[in-house]
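In case you want the letters, here they are:
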Amino acid sequence: MASTENIIEQTQKFVENELEGDGSGHDWWHIHRVRNLACTLAETEGADLTVTELAALLHDIADWKFHNGDDSAGPKKAGDWLKTLGADTDTIAHVCEIISTISYKGAGVATPMQTLEGKVVQDADRLDAIGAVGIARTFAYGGNKDRLIYHPEQAPVLHHSFEEYKKNDGHTINHFYEKLLLLKDRMNTAAGRKMAEERHRFMELYLDQFFREWNGNA
Ligand code: NI
């Protein structure tokens, strides 16, 4: 059986290879940042580092957004990969459970995480969705999906089911109101919440300037 270090190293290479060339904001560097954030939060919170690191590395390996809405593709692909490395069954089950529950599913849909490791990885993934990096990723994603930057006559929609949320194809500014500005109050850990506050303030400042420019007032 491979050592833990070896499993993590091989998983990193596998993910780098799989996500190479992604232009949707879900590229390797997103994974790299989430992994670092998750490890920092795991140390503060006392979460298991191996499970945290593996779940962070594999959390976007087959995201539903790029698999016709299929949210079982990610955990399956991650589980198959870890099995080929001979990872222990408890670790595999825990990592797959995190990947299957981590995603945002709409403003009106709760997404509780079952374990401390899940809470830490979800916080790290959400931190990378907000702030300066989050803004860059949001527009990259919108461009990748051929979406408008903004349309003044299309108001945001607060989705009440994952199915509704999946079908959403509105302009990118709406995404701030439908998801990004709601994340600060949904953080699981105290350390994550503190980091989210600064990133949240930056997005508010950004949107304020955006609308002043849009309206010819700046
Ligand atoms: Ni992610």
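Residues numbered from 1 in each chain as written. Predicted model: local features only at pLDDT ≥ 70, side-chain atom pairs only at ≥ 80, totals over all residues. Heavy atoms only, no water.

Novice: Where do I start with the overall build of the protein chain in this structure?
Specialist: Per the secondary structure count, the protein chain includes 10 helices and 0 strands. Ordered by position in the sequence, the α and β elements of the protein chain form the string α-α-α-α-α-α-α-α-α-α. In terms of overall dimensions, the protein chain has a C-alpha envelope of 65 × 35 × 30 Å along the principal axes. Per-residue burial for the protein chain yields a buried fraction of 49% across its 218 residues. The long-range fraction of contacts in the protein chain, counting pairs at least 24 apart against all pairs at least 6 apart in sequence, stands at 67%. Counting only carbon and sulfur atoms, one obtains 50% of the accessible surface of the protein chain, whose full area is about 10600 Å². Positive and negative side-chain charges in the protein chain, numbering 23 and 35 respectively, have mean positions lying 3 Å apart. (Helix = DSSP H or I, 4+ residues; strand = E, 2+ residues; numbered from the N terminus. Buried < 20%, exposed > 50% of the residue type's maximum accessible area, 1.4 Å probe, protein only. Contact = heavy atoms within 4.5 Å. Areas by Shrake-Rupley, 256 points an atom, 1.4 Å probe, with all protein chains shown as cover. Lys, Arg positive; Asp, Glu negative; His and termini not counted. Charge placed at Lys NZ, Arg CZ, Asp CG, Glu CD.)

Novice: What is the right way to look at the coordination of the nickel ion in this model?
Specialist: Six octahedral donors at a metal ideally form angles of 90 or 180 degrees, and four tetrahedral donors ideally form angles of 109.5 degrees. Coordination of the nickel ion by the protein comes from His30 (NE2), His59 (NE2), Asp60 (OD) and Asp125 (OD), over a distance range of 2.1 to 2.3 Å. What the 4 donor atoms of the nickel ion show is an angle range of 85 to 168° at the metal, which sorts the shape as irregular. (Donors = N, O, S within 2.8 Å, 3.2 Å for Na, K, Ca; no water. Tetrahedral: all angles 85-135°; square planar, octahedral: opposite > 155°, others 65-115°.)

Novice: When you look at the confidence of the model for the protein chain in this model, what are you seeing that I'm missing?
Specialist: Any residue range with low pLDDT should be treated as having predicted coordinates unsuitable for detailed reading. A residue-level look at the protein chain finds 98% of positions with pLDDT of 70 or above and a mean pLDDT of 93. Considering each helix and strand of the protein chain separately, the mean pLDDT is smallest for helix H8 (residues 162-167), with a value of 84, and largest for helix H3 (residues 49-58), with 98. (pLDDT = per-residue confidence, 0-100.)

Novice: Is there a simple way to explain helix H1 (residues 4-19) in this structure?
Specialist: Count 3.6 residues to each turn of an α-helix, and residues three or four apart come out pointing the same way. With 16 residues, H1 should cover 22 Å at 1.5 Å per step; its first-to-last C-alpha distance of 22 Å lies within 8% of that length. Buried residues of H1: Ile7, Ile8, Thr11, Phe14, Val15 and Leu19, and no others. The arc that holds every buried residue of H1, seen down its axis, measures 125°, which confines them to one face. Looking at H1, the residues exposed on the side facing more than 90 degrees away from the buried face are Glu5, Lys13 and Asn17. Of the surrounding secondary structure, the elements contacted by the buried residues of H1 are helix H2 (28-45), H3 and helix H4 (73-84). (Expected span 1.5 Å × (residues − 1). Arc of directions from axis to C-beta.)

Novice: Explain the side chain of Arg137 to me, please; I cannot follow it from the model alone.
Specialist: Inspection of the secondary structure assignment puts Arg137 in helix H7 (residues 131-144). Given a relative accessible area of 13%, Arg137 falls into the buried group. Residues within four places of Arg137 in sequence aside, it is in contact with Ser24, Gly25, His26, His30, Arg33, Asp128 and Ala129.

Novice: Could you clarify how one ought to interpret the side chain of Arg35 in this entry?
Specialist: Relative to the helices and strands, Arg35 resides in helix H2. Not counting residues up to four positions away in its chain, the partners in contact with Arg35 are Ile8, Gln12, Trp28, Glu53, Ala56 and Leu57.

Novice: Which parts of the structure should I look at to understand the packing of H1 against H2?
Specialist: Packed helix pairs are specified by the crossing angle of their axes together with the interaxial distance, meaning the distance between the axes. Close contact between H1 and H2 brings their axes to 9 Å; oriented N to C, the two are set at 145°. Seen from H1, the contacting residues are Ile8, Gln12, Val15, Glu16 and Leu19; seen from H2, they are Trp28, Ile31 and Arg35. Considering only residue class, the contact of H1 with H2 consists of 5 nonpolar, 1 polar and 2 charged. (Axes fitted to C-alpha atoms, helices over the stretch in contact; angles between N-to-C directions. Nonpolar A, V, L, I, M, F, W, Y, C, P; charged D, E, K, R; others polar.)

Novice: Even after reading the chapter, I still don't get H4, so can you show me in this structure?
Specialist: The end-to-end C-alpha separation of H4 is 17 Å, in line with the 16 Å expected for 12 residues at 1.5 Å each. All buried positions along H4 are accounted for by Ala73, Gly74, Pro75, Ala78, Gly79, Trp81 and Leu82. Buried-residue contacts for H4 involve H1, H3 and helix H5 (89-101). Of the residues one or two after H4, Gly86 is the one with positive phi, at around 75°.

Novice: How should the nonpolar core be read in this particular structure?
Specialist: Soluble, globular proteins show a tendency: their nonpolar side chains are buried together. Counting 56 residues, the largest nonpolar core has Val15, Leu58, Leu82, Val95 and Phe176 as its most contacted members. The element contributing the most residues to this core is H2, with 7 residues. Among all residues touching Val15, those that are not within four sequence positions of it are Trp28, Ile31, Leu57, Leu58 and Ile61. (Core = buried A, V, L, I, M, F, W, Y, C linked by side-chain atoms within 4.5 Å.)

Novice: Explain the packing of H3 against helix H6 (residues 116-127) here, please?
Specialist: At a minimum axis distance of 9 Å, the contact between H3 and H6 shows a crossing angle of 40°. Judged by the angle between their axes, H3 and H6 are oblique. Relative to H6, H3 is oriented so that their crossing is right-handed. Contacts between H3 and H6 involve Val51, Thr52, Ala55 and Ala56 on the former and, on the latter, Glu117, Val120 and Val121. When grouped by side-chain class, the residues that make up the contact of H3 with H6 number 5 nonpolar, 1 polar and 1 charged. (Parallel < 35°, antiparallel > 145°, perpendicular 65-115°, else oblique. Left-handed = near helix turned anticlockwise from the far one by under 90°.)

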